[in-house]
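The chain contents come next:
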Protein chains: 2
Amino acid sequence: MNDFSKGAAWIQGHVIPISDAAIPVTDWGVTHSDIAYDVVPVWQGGFFRLDNYVTRFMASVAALRMDISIDASGVKAALTEMVATSGLRDSYVAMVAARGQNPVSGSRDPRDCNNHFYAWCVPYVHIVKPEVADRGTSVWVAKHICRIPANSVDPTVKNYHWGDFTGGMFEAKDHGFETVLLLDHLGNVTEGPGFNIFAVFGDRVVTADLGVLHGITRRTVLEMATEAGLAVETRPLPLEEFLEADEVFLSSSGGGVIPVARVDDRVFSNGVAGPVAMGLRVRYFDWITRAEHRTEISY
Amino acid sequence: MNDFSKGAAWIQGHVIPISDAAIPVTDWGVTHSDIAYDVVPVWQGGFFRLDNYVTRFMASVAALRMDISIDASGVKAALTEMVATSGLRDSYVAMVAARGQNPVSGSRDPRDCNNHFYAWCVPYVHIVKPEVADRGTSVWVAKHICRIPANSVDPTVKNYHWGDFTGGMFEAKDHGFETVLLLDHLGNVTEGPGFNIFAVFGDRVVTADLGVLHGITRRTVLEMATEAGLAVETRPLPLEEFLEADEVFLSSSGGGVIPVARVDDRVFSNGVAGPVAMGLRVRYFDWITRAEHRTEISY
């Protein structure tokens with residue numbers, strides 16, 4: 001019997017234990033980080049907004065001009081088979097398109113590569129531990145590193161170019177913070193490793209529009225905020241304005257809505273999770289159980 | 001008997017055929033492109049400037065704050081054993097440091113990861129085919145994509161964040177060009193996929209100083225140019241000035257000095273390889289056979 005307790009992968013039509021899942025060291029997915037990916041959460045035995053995630057994934061694949069020989073319904077079938085086989089009822093599920101190896105000796109032409117699809121799943125990941133999120137996490141604003149600009153690598157095409165995030169995470173950890181926020185080259189708030197970020201001003205919720213991933217959880221937050229009677233604004237958000245917010249929170253498919261109690265030395269909502277953020281956090285864990293957003297898995 | 005005709009890899013102390021060399025799909029080297037690497041050429045059975053390449057690699061590893069449990073002499077021993085086993089006498093030899101997997105469930109802290117070293121080699125790669133280089137290649141200046149800025153991802157730490165290069169390569173191929181040159185956000189010439197770029201003005205050779213890899217072949221070119229009685233300048237090089245050069249050429253450990261006959265619709269040196277570039281090209285293939293630069297391999 002295979003051990004799927006740590007996760008599973010779908011590679012070339014086979015579901016295998018995650019510990020056996022590997023990619024060749026000469027795949028452009030490694031050597032050029034030439035990959036589009038997406039992550040859909042599975043919660044209590046069902047995918048959340050599966051169509052939205054897979055649609056975005058296929059758009060990323062098209063943007064990178066890859067032909068992965070599988071369509072949206074095939075991707076959904078692969079993910080379903082993989083998660084069902086794993087037995088994981090709460091899972092972080094990654095779908096990946098890689099440029100592949102170049103079979104033409106010495107060719108540097110991306111069009112020669114054999115593009116391919118694979119997927120993998122592991123137990124659900126909270127990008128911030130739930131007990132930390134519940135009391136409000138801490139965010140460091142990177143001082144030495146800016147977010148990779150959209151005209152270098154398009155952040156709406158979900159990708160593994162995380163060098164800026166990882167450098168920022170070292171800065172954050174050096175200063176005792178949980179995670180990091182990057183600014184763009186103009187000093188506007190962008191995003192952090194695995195999350196979008198929001199500011200609350202009274203009954204208005206504001207998040208960046210450009211230079212960031214258009215997260216599905218971000219979109220869920222905007223919809224939930226509207227449902228909750230809040231106004232939403234997507235626009236450039238300068239750091240100075242951001243730091244004057246009443247509340248700050250993160251959104252991620254790895255944990256939903258994550259309240260923030262501190263950004264650098266600025267304390268928000270008296271150093272605890274703010275009421276608007278906590279309301280949205282609770283609402284998110286309700287939304288992901290609503291039938292209209294779910295695709296149940298037969299294990 | 002293992003088949004090493006397509007290359008070999010050194011992983012965890014073992015030399016294996018390149019076709020068996022893989023990295024876990026959950027390694028941060030894949031999921032965060034969290035990798036430092038370097039490439040040293042082997043030519044006619046010997047490494048060229050091995051110390052310089054390995055020194056730069058170890059500096060990259062330190063810059064990314066990785067502990068790969070192997071020092072410079074260990075890296076050299078691993079590369080030597082691997083190439084000798086492969087039997088390749090002309091080879092592209094990659095050394096790689098990857099962040100590794102995070103053994104702490106759900107941890108997003110880069111300090112928790114198990115960093116590791118591996119290496120691989122394949123038959124020598126010319127980034128431009130020699131017969132194309134000999135008559136002068138063609139370079140497209142990317143119109144829609146800028147080089148990732150140094151304050152997002154440091155280009156002097158050799159890395160696999162190639163999304164800007166690959167996007168640029170598609171632009172170049174769409175327009176029938178061999179390769180692509182990226183500009184920085186100020187319109188200065190930077191570099192392309194796997195090469196630095198030079199402009200020749202009379203007896204002066206100019207190349208960018210900031211926002212580019214400090215290539216070992218770039219350094220070799222600057223030394224060879226000095227030996228040849230040319231003046232060298234490393235400084236910002238605006239595209240407008242670059243396009244007024246008498247000659248243009250590329251430098252890469254994958255092919256040495258590569259003359260350029262065309263940039264966009266601008267023809268250089270009457271559409272053939274220019275005399276200064278060809279002189280340096282010939283000199284490079286002399287330099288890589290000089291004993292003082294070489295580390296011979298016992299096969």
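Residues numbered from 1 in each chain as written. Chains lettered and ligands numbered in written order. Predicted model: local features only at pLDDT ≥ 70, side-chain atom pairs only at ≥ 80, totals over all residues. Heavy atoms only, no water.

Undergrad: For this particular structure, what's the right way to read the interface of chain B and chain A?
TA: How big an interface is tends to be stated in terms of accessible area lost as the parts join. Chain B puts 48 residues into the contact, and the matching count from chain A is 48 residues. Ranking the residues of chain B by area buried against chain A places Val25(B), Arg108(B) and Phe170(B) at the top, with a combined share of 18%. Taken together, chain B and chain A are joined by two salt bridges. Measuring nitrogen to oxygen at the nearest pair gives 2.9 Å for the salt bridge that ties Asp174(B) to Arg65(A). Seen at the junction of chain B and chain A, the total is 19 residue pairs in polar contact (both at pLDDT 80 or more). When residues of the side of chain B that touches chain A are traced back to their parent elements, those giving at least two are β3 (22–24), α1 (28–31), β7 (116–123), β8 (137–146) and α5 (163–174) of chain B. Considering every element that reaches the side of chain B that touches chain A, the biggest residue donor is α5(B), with seven residues. (Contact = heavy atoms within 4.5 Å. Buried area = accessible area lost by both parts, 1.4 Å probe. Salt bridge = Lys/Arg side-chain N within 4 Å of Asp/Glu carboxyl O. Polar contact = N/O pair within 3.5 Å; in protein donor to acceptor, adjacent residues only side chain to side chain. Helix = DSSP H or I, 4+ residues; strand = E, 2+ residues; numbered from the N terminus.)

Undergrad: Is there a simple way to explain the relation of the copies chain B and chain A in this structure?
TA: Think of it as a corkscrew move, a rotation about one axis and a shift along it, taking one chain copy to the other. Note on the copies: chain B fits chain A at an RMSD of 0.0 Å, the axial shift is 0.0 Å, and the rotation between them is 180°. Here the transformation between the copies is reduced to the relation of a two-fold axis. Of the residues that chain B buries at the interface, 100% are likewise interface residues in chain A, meaning the two copies contact each other through the same surface. (Least-squares fit on C-alpha atoms with pLDDT ≥ 70 in both.)

Undergrad: Would you take a moment to explain the side chain of Asp27(A) for this structure?
TA: All names here are of chain A. As for its position among the elements, Asp27 is in the loop between β3 (22–24) and α1 (28–31). Within polar-contact distance, the side chain of Asp27 engages the side chain of His116 at 2.6 Å. Leave out the neighbours within four places in its chain, and Asp27 touches Ala98, Arg99, Gly100, Gln101 and His116.

Undergrad: Would you take a moment to explain the domain arrangement of chain A for this structure?
TA: Residue and element names in this part refer to chain A. Domain annotation of chain A identifies domain 1 (8–123) and domain 2 (130–287). A straight line from the C-alpha centre of domain 1 to that of domain 2 covers 26 Å. Between domain 1 and domain 2, the contact holds 19 residues from the first and 19 residues from the second. For the domain 1 and domain 2 pair, buried surface summed over both sides reaches about 1,700 Å², with 58% attributable to carbon and sulfur atoms. Its largest share of buried area at the contact with domain 2, domain 1 owes to Tyr37, Arg49 and Arg56, together 39% of the area lost on that side. One can count one salt bridge joining domain 1 with domain 2. Across the pair Glu223 and Arg49 runs a salt bridge whose closest N-O atoms are separated by 3.0 Å. The interface formed by domain 1 and domain 2 holds four residue pairs in polar contact (both at pLDDT 80 or more) in total. Split into classes, the residues belonging to the side of domain 1 that touches domain 2 amount to 12 nonpolar, four polar and three charged. (Domains from an automatic or database assignment. Nonpolar A, V, L, I, M, F, W, Y, C, P; charged D, E, K, R; others polar.)

Undergrad: Honestly, the nonpolar core in this entry has me stumped. Any pointers?
TA: The biggest cluster of nonpolar side chains holds 54 residues, and the ones touching the most others in it are Tyr118(A), Trp120(A), Tyr118(B) and Trp120(B). Setting aside residues no more than four positions away along its own chain, Tyr118(B) makes contact with Val25(A), Val30(A), Trp10(B), Ile11(B), Ile23(B), Ile35(B), Ala94(B), Met95(B), Val96(B) and Ala98(B). Of all hydrophobic cores here, the second largest spans 30 residues; its members include Val42(B), Tyr53(B), Phe57(B) and Leu79(B). (Core = buried A, V, L, I, M, F, W, Y, C linked by side-chain atoms within 4.5 Å. Buried < 20%, exposed > 50% of the residue type's maximum accessible area, 1.4 Å probe, protein only.)

Undergrad: Even after reading the chapter, I still don't get the confidence of the model for chain A, so can you show me in this structure?
TA: Atom-level detail of predicted coordinates should not be read off regions where pLDDT is low. Residues at a pLDDT of 70 or more form 100% of chain A, whose mean pLDDT is 97. Two numbers describe this predicted complex: its pTM, 0.97, and its ipTM, 0.97. (pLDDT = per-residue confidence, 0-100.)

Undergrad: When you look at the packing of helix α2 (residues 50–63) of chain B against helix α3 (residues 72–86) of chain B in this model, what are you seeing that I'm missing?
TA: If you want to describe how two helices pack, look at the angle between their axes and the distance between the axes. Residue and element names in this part refer to chain B. Viewed as axis vectors pointing N to C, α2 and α3 meet at an angle of 125°, and their least axial separation amounts to 10 Å. Considering their axes alone, α2 and α3 lie oblique with respect to each other. In the packing of α2 onto α3, the handedness of the crossing is right-handed. Judged by residue contacts, Leu50, Asp51, Val54, Phe57 and Met58 of α2 engage Ala72, Val75, Lys76 and Leu79 from α3. Per-class residue counts for the contact of α2 with α3 are seven nonpolar, no polar and two charged. (Axes fitted to C-alpha atoms, helices over the stretch in contact; angles between N-to-C directions. Parallel < 35°, antiparallel > 145°, perpendicular 65-115°, else oblique. Left-handed = near helix turned anticlockwise from the far one by under 90°.)

Undergrad: Help me understand the packing of aromatic side chains in this model?
TA: Aromatic rings in a pair are described by how distant their centres are and how their planes are angled relative to each other. Residue and element names in this part refer to chain B. The full count for this structure, using the stated rule, is 22 aromatic pairs over all chains. Ring centres of Tyr37 and Tyr160 lie 4.2 Å apart, and the angle between their planes is 25°; this geometry places the pair in the stacked category. Taken together, the residues Tyr37 in strand β4 (residues 35–43) and Tyr160 in the loop between β8 and α5 connect sequence positions 123 residues apart. Given the relative accessible area of 2%, Tyr160 is considered buried. On the basis of an interplanar angle of 75° and a centroid distance of 5.1 Å, the ring pair of Trp162 and Phe165 is categorised as edge-to-face. One exposure class covers both Trp162 and Phe165, and it is buried. Just above the ring of Phe268 sits the side chain of Arg266; from NZ or CZ to the centre is 4.3 Å. (Phe/Tyr/Trp six-rings, centres within 6.5 Å; stacked < 30°, edge-to-face > 60°. Lys NZ or Arg CZ within 6 Å of the ring centre and 35° of its normal.)

Undergrad: Mind showing me how you'd approach the sheet that holds strand β17 (residues 294–296) of chain B here?
TA: Adjacent strands of a sheet pair through backbone hydrogen bonds, lying either parallel or antiparallel. Residues and elements named next belong to chain B. Read across the open sheet, the seven strands follow the order β2-β1-β7-β6-β4-β5-β17; overall the sheet is antiparallel. Strands with a single pairing partner mark the edges of an open sheet, and in this sheet they are β2 (14–17) and β17. Across the sheet, the mean angle separating the axes of adjacent strands is 25° when strand polarity is ignored. (Pairing = 2+ DSSP bridges.)

Undergrad: I would appreciate a short explanation of the pairing of strand β15 (residues 256–263) of chain B in the present structure.
TA: Across a regular strand the side chains alternate sides, sitting on one face of the sheet and then on the other. Residue and element names in this part refer to chain B. Counting buried positions along β15 yields seven of eight residues, so the element is predominantly enclosed. The pairing of β8 with β15 spans three bridges and is parallel. Residue pairing for β15: Val139 is matched across the bridge by Val263. Here five bridges tie strand β14 (residues 247–252) to β15, and the two strands are oriented antiparallel to one another. The residue bridging Val248 from the neighbouring strand is Val260, located in β15. In this structure, β15 lies alongside strand β16 (residues 266–267), joined through two bridges in antiparallel fashion. Within β16, the residue paired with Val263 across the bridge is Arg266. The turn linking β15 back onto β16 is made up of two residues, and Asp264 within it adopts a positive phi angle of 55°.

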